[in-house]
Amino acid sequence: MPQRKSEPDRIRELEDALKETERHIAEMRAERDQAFELVEQMKEHVSDVDALIDSWIEAFEMQLSEDGKRTRDALPESIKKILADAVALQKQAKGLGKK
């Protein structure tokens, strides 16, 4: 038959177990707080990336196509004119080099 521990020994064991449990709870709370902080940082990052993508969509005048994808097939008229001028200048430059 196992021998019973004295009451002071049993109390000391319970107090030690309680301290260990409290230490473990404090560690878990710290880990939880770190996880919450990481989640907040990730939310901010996603928000920043969304804003950047929205600015690209606006800058490149992208439209949502029927299949749900973004496209920039229709270039703005100002860009079309710049491209046409560039092609004309290239043709002119090639003509000057043939003399």
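Residues numbered from 1 in each chain as written. Predicted model: local features only at pLDDT ≥ 70, side-chain atom pairs only at ≥ 80, totals over all residues. Heavy atoms only, no water.

Draft legend 1. Inspection of the overall build of the chain at higher detail. When helices and strands are tallied, the chain shows two helices and two strands. Counted from the first residue to the last, the chain has its helices and strands arranged as α-β-β-α. A buried classification covers 2% of the 99 residues belonging to the chain. Per element, the accessible surface of the chain, about 9,600 Å² overall, is 57% carbon and sulfur. (Helix = DSSP H or I, 4+ residues; strand = E, 2+ residues; numbered from the N terminus. Buried < 20%, exposed > 50% of the residue type's maximum accessible area, 1.4 Å probe, protein only. Areas by Shrake-Rupley, 256 points an atom, 1.4 Å probe, with all protein chains shown as cover.)

Draft legend 2. Up close: a negative patch on the surface. A contiguous patch of negative charge on the surface is contributed by Asp50, Asp54, Glu58 and Glu61. Of note, glutamate 58 is situated in helix H1 (residues 7–59). Classification of glutamate 58 as exposed rests on a relative accessible area of 65%. (Patch = residues over 30% accessible without salt bridge, like charges linked within 9 Å, V, L, I, M, F, W, Y side chains within 5 Å. Salt bridge = Lys/Arg side-chain N within 4 Å of Asp/Glu carboxyl O. Lys, Arg positive; Asp, Glu negative; His and termini not counted. Charge placed at Lys NZ, Arg CZ, Asp CG, Glu CD.)

Draft legend 3. How the structure looks around the confidence of the model for the chain. Per-residue pLDDT for the chain has a mean of 86; in total, 90% of the residues score no lower than 70. Of all the helices and strands in the chain, strand S2 (residues 70–71) carries the lowest mean pLDDT, 76, while H1 carries the highest, 95. (pLDDT = per-residue confidence, 0-100.)

Draft legend 4. Fine view of the pattern of salt bridges. All chains considered together, the criterion is met by seven salt bridges. A salt bridge links aspartate 9 to arginine 12; the nearest nitrogen and oxygen atoms lie 2.6 Å apart. Linking aspartate 9 with arginine 12, this pair stays in helix H1, spanning three residues, or about one helical turn. For aspartate 9, a relative accessible area of 34% corresponds to the partly exposed category. Between lysine 43 and glutamate 40 there is a salt bridge, and its shortest N-O distance comes to 3.7 Å. Of this pair, lysine 43 and glutamate 40 both sit in helix H1, three residues apart, which is roughly one turn of that helix. It is possible to trace a salt-bridge network through shared partners that takes in Glu20, Arg23 and Glu27.

Draft legend 5. Local environment of a nonpolar patch on the surface. Together, Val49, Leu52, Ile53, Trp56 and Phe60 line one region of the surface with nonpolar side chains, adding up to about 440 Å² of accessible area. Along the chain, leucine 52 falls in helix H1. The exposure class assigned to leucine 52 is partly exposed, which follows from its relative accessible area of 39%.

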